[in-house]
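Each chain, letter by letter, is given below.
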Number of protein chains: 2
Amino acid sequence: MKEKIDLLGAGLIGSLLAIYLRKRGLDVSIYEKRKDWRKMDSSGEGRSINMALSFRGWKALEKAGIREKVLPYTQPMYGRRIHDEHGNTFFQPYGKDNQAIYSISRNSFNKLLLDEAEAQGARLHFEHKVEHVQVGNREVRFSLPDGSAKTVRSEVLIGSDGAYSSLRNAFQSQLRFNFKQQYISHGYKELSIPPAPNGDFAMDPNALHIWPRGKFMLIALPNLDKSFTCTLFLPFEGYKVSFENIHDDQDVDQVFKTHFNDAHALMPNLLKDFRRNPTAALINTECYPWTENNALLIGDAAHAMVPFYGQGMNCGFEDCYILDGLVEKYGTFSWDLVFEKFQKGRKPDTDAICQLAMDNFVEMSDNVADPKFLIRKKIEARLHELFPKEWVPLYSMVTFSDMKYSEAYAIGKIQEKVMDQVMRDPLITQNWDRLDYEDILHQVEVAGAV
Amino acid sequence: MKEKIDLLGAGLIGSLLAIYLRKRGLDVSIYEKRKDWRKMDSSGEGRSINMALSFRGWKALEKAGIREKVLPYTQPMYGRRIHDEHGNTFFQPYGKDNQAIYSISRNSFNKLLLDEAEAQGARLHFEHKVEHVQVGNREVRFSLPDGSAKTVRSEVLIGSDGAYSSLRNAFQSQLRFNFKQQYISHGYKELSIPPAPNGDFAMDPNALHIWPRGKFMLIALPNLDKSFTCTLFLPFEGYKVSFENIHDDQDVDQVFKTHFNDAHALMPNLLKDFRRNPTAALINTECYPWTENNALLIGDAAHAMVPFYGQGMNCGFEDCYILDGLVEKYGTFSWDLVFEKFQKGRKPDTDAICQLAMDNFVEMSDNVADPKFLIRKKIEARLHELFPKEWVPLYSMVTFSDMKYSEAYAIGKIQEKVMDQVMRDPLITQNWDRLDYEDILHQVEVAGAV
Ligand SMILES: Cc1cc2nc3c(=O)[nH]c(=O)nc-3n(C[C@H](O)[C@H](O)[C@H](O)COP(=O)(O)OP(=O)(O)OC[C@H]3O[C@@H](n4cnc5c(N)ncnc54)[C@H](O)[C@@H]3O)c2cc1C
Ligand SMILES: Cc1cc2nc3c(=O)[nH]c(=O)nc-3n(C[C@H](O)[C@H](O)[C@H](O)COP(=O)(O)OP(=O)(O)OC[C@H]3O[C@@H](n4cnc5c(N)ncnc54)[C@H](O)[C@@H]3O)c2cc1C
């Protein structure tokens, strides 16, 4: 009886979860408010937005059996390429050897996952917008494009409907639901760098480009078509360079010429992009419980984070991996049990990554340009080289491993304390490669981080 | 044109605010979902719930010109009367001299305020339940008892509709609204102690009675009819003594006989009360902004706190006082300006009292029974006696003054640090009245708290 399951939202997480659940033989329906965009021609006006896929994401794709299908759509980025104000660039590797994060187009990725879910037998219901969920009996009311309504009563219901989840809204008025939504001071706008006149990438294609400017920044990720998608992060207001102070084309040009001059030269569509693309806000949400009466929140619906660690999707994919592991272990006799185990085990980890993502804005937009920070990174890289198992930098624990986020967070805090101490040496710039590295490791071990 | 103003919710805060706004000559309407309960006979089944009114509340009532009308409804409580497990009681004064907090029946108080608002010319619309607010044009849709709907477009809209505010809900889906709702592990249930057989109070009528038991507690406040209203605070689950573990009359009796034996003897209606009265949850909410497009949140709608500092209503009344001061200063030409000044100035203070209320549960349910805590309080009382202006205990700053809550909070933190240090003396029990009090004050002064 409990073999029928309904998912709300066919975004990245809902689509991957549908694949997993179909592989377990369940009867899966997905309800999505958008049109079936797979059939729409996206070549023309459609914006190309991309995102970084890393270890946790790959691991989840692998278990679902679709790693190989995804790989051709991705472009590896082995490090950050920092652009300073004078147009100089320098490269900071993300990890060791071939460790990379992978740029992938959100649109093609979502299409691919959804095609796969459909091929596996999931039923897709597009243009079904959830208007209301009755948590008590899992009755979902949808509105259809013709203005009519349709009601479905679910046996098991999963909300993968993103940061503004309708299922979470329904939970919110239930007894004792804890919830927080928090917007940060910054917003963002997508822009683009087309291929160079010779048809090739206009910049290094194997890096995530950053123009760190303290209170604001620009980033760019490569696309398969040899263009880059850029994201401009600015404060909404309260600073000289902010969205409220950009009124017209001239202001846009002015900001880019002053602060991103090398990028500006590569952005023929800057003014059009800036006018056309929306200015979007950035939200962090945390809530608990995630489950109630055979209904569950997953992905951004359960924990939407700011994008500064590139982990939102990866974390949502890991959600699917973990949930599938619990279904494997406990079967589908008691979804309440599975959902309960899931939320208890997972919540501390999503709290940790939400916090890390929040903190990382300062690192990306400010620290990466600071010479002292670079030395700090060099020391950490050296530690990692000398003690590959015992000292793994926080970024690597998060991005290149599947260690629990909460554990990475705790170890990161200890490393941070020790490194703060190391960096107090006023001659650190000269001394950094003659430090007693054994001793630094020892301090971390004493504090319990190994 | 901006002289018409609509309030949602005729609770304590909405009613007092209506009085203030009428006194400024504005055209005030209040919409309230309940029936006009003033005409209902509340003698029979109606529960009598009471609350503590303190300095900030009185100050706001005074400015509204109704202090004298309220006074006869109140019963002063000069301190806490602690009941230990053996039925011994001891008294802890709240302040100095005649400082007291005042018990008042929520129901009669709300009636009185609403009568006054009506007498001043506010239009009351009962049985108008807000179903939806369109923030863009301040269009409010009400449902009426006959099932029909009514729509009102407001010029200026104020949400005084409590912790589950419908206006706040509408704000929540607006751009960049920060919101947090948090339930604590404990719930509560109201009970009662009727007058003694001789018709008099069954216990000391000039105290707030507390039975502190660590993870749970019982409190009782006196009523004018010589009864007491008791509130039992228990964890919902996870402890031996918790709501989930009380299944029947026998369990109730058992818990009361074991932990509140002296109270039990005075509670002939215990079992009936326990069965009849709901178990309620305790919520803390914080949000920002409070205003958007000529609409404002106030009172619990803007900041619902847990009841452990007895400040929720007092804080809401102070909101009214401050808002009225801004209307006085800036007039009603620009409500946006007035609302903006209000939220900017007030938000740090409501954050501070929300936090203090949260922290105070431990003080009420646990510390008050600890001999060391009593010595600590004695030292603080002595400091206050010696330096009446320079050392005011946190409880007094919050309860008996109108110092900004955020300032009281900051000073409280400094005092706490200094007192933690003082209490480290292993012989403090013997030495407490021979301390160098000048020096203790000096430490606080150095830290900037005076
Ligand atoms: C600027 C930016 C950059 C990012 N970069 C990265 C990155 O580099 N790496 C990374 O790992 N993560 C990144 N993220 C995070 C990532 O985008 C999200 O974590 C991820 O998209 C979450 O997937 P989801 O399926 O849970 O939600 P969504 O992707 O939001 O999908 C939700 C789906 O539900 C549908 N839906 C919503 N409401 C309803 C309704 N009422 N009825 C029916 N259907 C509904 C939506 O149409 C949508 O299809 C980034 C996020 C942002 C904002
Ligand atoms: C157990 C407990 C003890 C407390 N003790 C104290 C104390 O000792 N001292 C103290 O200062 N504070 C105390 N408080 C806090 C105090 O009760 C609140 O701060 C205060 O009641 C807030 O007043 P309000 O008018 O903002 O909201 P409410 O009192 O909640 O009033 C809101 C009004 O809006 C109406 N309403 C709600 N929704 C709608 C809708 N959709 N349409 C139309 N109308 C609507 C409601 O019917 C109600 O009349 C206590 C709280 C609790 C829970």
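About the thresholds
- Residues numbered from 1 in each chain as written.
- Chains lettered and ligands numbered in written order.
- Predicted model: local features only at pLDDT ≥ 70, side-chain atom pairs only at ≥ 80, totals over all residues.
- Heavy atoms only, no water.
- Helix = DSSP H or I, 4+ residues; strand = E, 2+ residues; numbered from the N terminus.
- Rg over C-alpha atoms; globule rule 2.2 N^0.38 Å.
- Contact = heavy atoms within 4.5 Å.
- Areas by Shrake-Rupley, 256 points an atom, 1.4 Å probe, with all protein chains shown as cover.
- Lys, Arg positive; Asp, Glu negative; His and termini not counted.
- Charge placed at Lys NZ, Arg CZ, Asp CG, Glu CD.
- Least-squares fit on C-alpha atoms with pLDDT ≥ 70 in both.
- Pairing = 2+ DSSP bridges.
- Axes fitted to C-alpha atoms, helices over the stretch in contact; angles between N-to-C directions.
- Salt bridge = Lys/Arg side-chain N within 4 Å of Asp/Glu carboxyl O.
- Buried < 20%, exposed > 50% of the residue type's maximum accessible area, 1.4 Å probe, protein only.
- Near = heavy atom within 4 Å.
- Polar contact = N/O pair within 3.5 Å; in protein donor to acceptor, adjacent residues only side chain to side chain.
- Nonpolar A, V, L, I, M, F, W, Y, C, P; charged D, E, K, R; others polar.
- Buried area = accessible area lost by both parts, 1.4 Å probe.
- Parallel < 35°, antiparallel > 145°, perpendicular 65-115°, else oblique.
- Phe/Tyr/Trp six-rings, centres within 6.5 Å; stacked < 30°, edge-to-face > 60°.
- Lys NZ or Arg CZ within 6 Å of the ring centre and 35° of its normal.
- Arc of directions from axis to C-beta.

**Q** Tell me what's going on with the overall build of chain A, and back it up with residues and numbers.
**A** A tally of helices and strands in chain A yields 15 helices and 19 strands. Taking 2.2 N^0.38 as the reference for a compact globule, 450 residues should give roughly 22 Å; the C-alpha atoms of chain A span a radius of gyration of 23 Å, in line with that estimate. Each principal axis of the C-alpha atoms in chain A carries an extent, and together these give about 70 × 55 × 40 Å. Within chain A, residue pairs in contact and separated by at least 24 positions form 70% of the contacts whose partners lie at least 6 positions apart. By element, 50% of the accessible surface of chain A is carried by carbon and sulfur atoms, the whole surface being about 19600 Å². Positive and negative side-chain charges of chain A, numbering 55 and 61 respectively, have mean locations separated by a distance of 3 Å.

**Q** Can you explain unusual backbone geometry? Please cite residues and give values.
**A** Cis geometry is found at the peptide bond from A:Y288 to A:P289, where omega equals 0°. Tracing the backbone through its elements, the reader meets A:P289 in the loop between β17 (280–288) and β18 (291–292). Despite not being glycine, A:N294 has its phi angle at roughly 60°, a positive value. With respect to the helices and strands, A:N294 occurs in the loop between β18 and β19 (295–297). With a phi angle near 50°, B:E127 is a residue other than glycine that sits in the positive phi range. Position of B:E127 relative to the elements: it lies in the loop between β8 (123–125) and β9 (129–134).

**Q** Which residues make up the relation of the copies chain A and chain B, and what values do they have?
**A** The transformation that overlays chain A on chain B combines an axial shift of 0.0 Å with a rotation of 180°, and the residual RMSD is 0.0 Å. Each copy turns onto its partner about a two-fold axis. Nearest to the rotation axis, the C-alpha of A:K180 is located 2.0 Å from it, this being the minimum over chain A. The share of interface residues of chain A whose copies in chain B are also at the interface is 100%, consistent with both copies meeting through the same surface.

**Q** I'd like to hear about the sheet that holds strand β12 (residues 156–159) of chain B, residue by residue, with values.
**A** All names here are of chain B. Read across the sheet, six strands follow the order β8-β2-β1-β12-β19-β18 without closing on themselves; strand pairing throughout is mixed. Edge positions in the open sheet fall to β8 and β18 (291–292), since each of these has one partner strand only. As paired strands, strand β1 (residues 4–8) and β12 are joined by four bridges and run parallel to one another. In the sheet register, D6 faces β12, and the bridge partner there is L157. Helix α1 (residues 12–23) rests against β1, β2 (27–31) and β12 of the sheet, and its axis sits at about 170° to β2.

**Q** So, the pattern of salt bridges: which residues are in play, and what are the values?
**A** Overall, the coordinates contain 64 salt bridges over all chains when judged by the stated rule. Here A:E62 and A:R67 are joined by a salt bridge, their closest N and O atoms 3.5 Å apart. A salt bridge links B:E328 to B:R24, with the nearest nitrogen and oxygen atoms 3.4 Å apart. Of this pair, B:E328 sits in helix α9 (residues 312–330) while B:R24 sits in the loop between α1 and β2, and the two are 304 residues apart along the sequence. Judged by its relative accessible area of 49%, B:E328 is partly exposed. What emerges from the salt-bridge pattern is a single network uniting A:D36, A:R38, A:K39, A:D115 and A:E118.

**Q** Outline the site of ligand 1, supporting the account with residue identities and numerical values.
**A** All names here are of chain A. Lining the immediate environment of ligand 1, one finds 27 residues, of which E32, R34, A52, R106 and D300 sit closest. In this structure, an oxygen atom belonging to ligand 1 sits 3.4 Å away from a main-chain N or O atom of L12. Contacts to ligand 1 include N314, whose side-chain N or O atom sits 2.9 Å from an oxygen atom. Its free accessible area being 1000 Å², ligand 1 has 84% of it covered by the protein chains. Ranked by the residues each element gives to the shell around ligand 1, the list is headed by helix α9 (residues 312–330), at three residues. Class assignment for the residues of the shell around ligand 1 results in nine nonpolar, 11 polar and seven charged.

**Q** Please give an account of the interface of chain A and chain B that cites residues and values.
**A** The partner chain B presents 17 residues to the 17 residues of chain A that form the contact. Across the chain A to chain B interface the summed buried area is about 1400 Å²; carbon plus sulfur atoms make up 40%. Area buried by chain A at its contact with chain B is led by A:R176, A:Q181 and A:Y183, which between them contribute 47% of it. Here chain A is connected to chain B by two salt bridges. One salt bridge connects B:R176 with A:E237, and the closest N-O pair in it is separated by 3.7 Å. Seen at the junction of chain A and chain B, the total is 11 residue pairs in polar contact (both at pLDDT 80 or more). Counting only elements with at least two residues in the side of chain A that touches chain B, the list comes to α5 (166–172) and β13 (178–193) of chain A.

**Q** Break down the environment of A:H125 for me, with residues and values.
**A** Tracing the sequence through the fold places A:H125 in strand β8 (residues 123–125). Discounting chain neighbours no more than four positions away, the residues touching A:H125 are A:S29, A:I30, A:Y31 and A:E32.

**Q** Lay out the packing of helix α10 (residues 335–365) of chain A against helix α13 (residues 405–422) of chain A in plain terms, naming residues and giving numbers.
**A** Angle between the axes and distance between the axes are the two parameters that describe a pair of packed helices. All names here are of chain A. Packing of α10 against α13 brings their axes to within 7 Å, and their N-to-C directions diverge by 50°. Considered as vectors, α10 and α13 are oriented oblique to each other. In this structure, α10 contributes R346, P348, D349, A352, I353, Q355, L356 and D359 to the contact, and α13 contributes Y405, S406, Y409 and K413. Of the residues contributing to the contact of α10 with α13, the split by class is six nonpolar, two polar and four charged.

**Q** Tell me about the packing of aromatic side chains, and please be specific about residues and values.
**A** Within the structure shown, the criterion is met by 37 aromatic pairs over all chains. Aromatic side chains A:W335 and A:F339 sit 5.3 Å apart centroid to centroid with 45° between the ring planes, which places their arrangement in the tilted category. Taken together, the residues A:W335 and A:F339, both in helix α10 and four residues apart, mark about one turn of the helix. There is no split in this pair, since A:W335 and A:F339 are both buried. Among the aromatic residues, ring-to-ring pairing joins A:F171, A:F177, A:F179, B:F171, B:F177 and B:F179 into one connected group. Positioned above the aromatic ring of A:Y395 is the side chain of A:R80, whose terminal nitrogen or guanidinium carbon lies 5.6 Å from the ring centre.

**Q** Account for helix α15 (residues 437–446) of chain B, with residues named and values stated.
**A** Residue and element names in this part refer to chain B. Listed as buried for α15 are Y437, I440, L441 and V444. Taken down its axis, α15 places every buried residue within 95° of arc, on the same side. Relative to its buried face, α15 has exposed residues pointing more than 90 degrees away, namely E438 and V446. Those residues of α15 that are buried are in contact with α11 (371–386) and α13 (405–422). With its phi angle positive at about 90°, G448 sits one or two positions after the end of α15.

**Q** Summarise the sheet that holds β9(B); cite the residues concerned and give the values.
**A** Residue and element names in this part refer to chain B. Spatially, three strands are ordered β9-β10-β11 in an open sheet, and the strand pairing comes out antiparallel. The sheet terminates laterally at β9 and β11 (149–153), the two strands that pair on one side only. Averaged over all adjacent pairs, the angle separating strand axes in this sheet is 25°, with direction ignored. Two strands pair when backbone bridges link them, and strand β10 (residues 139–143) and β11 are joined in this way by five bridges, in the antiparallel orientation. Among the inter-strand pairings, R141 is bridged to a residue of β11, identified as T151.

**Q** Got a sec to walk through the site of ligand 2? Specific residues and values, please.
**A** Residues and elements named next belong to chain B. Taken together, 27 residues are adjacent to ligand 2, and E32, R34, A52, R106 and D300 come closest. The separation between an oxygen atom of ligand 2 and a polar side-chain atom of D300 is 2.7 Å. A distance of 3.0 Å separates an oxygen atom of ligand 2 from a polar atom in the side chain of N314. Out of a free accessible area of 1000 Å², ligand 2 has 85% covered by protein chains. Breaking the shell around ligand 2 down by element, the ones donating at least two residues are α1, β3 (50–53), β9 and α9. At three residues, α9 tops the list of elements feeding residues into the shell around ligand 2.

**Q** Please give an account of the pairing of strand β7 (residues 101–105) of chain B that cites residues and values.
**A** Residue and element names in this part refer to chain B. Of all five residues in β7, five are buried; the element is thus mostly enclosed. The side-chain alternation of β7 yields two buried faces, one formed by I101, S103 and S105 and the other by Y102 and I104. Pairing analysis gives four bridges linking β3 to β7, with the strands arranged antiparallel. Of the residues in β7, the one forming a bridge with M51 is I104.

These results come straight from atomic positions and should not be treated as a statement about function.
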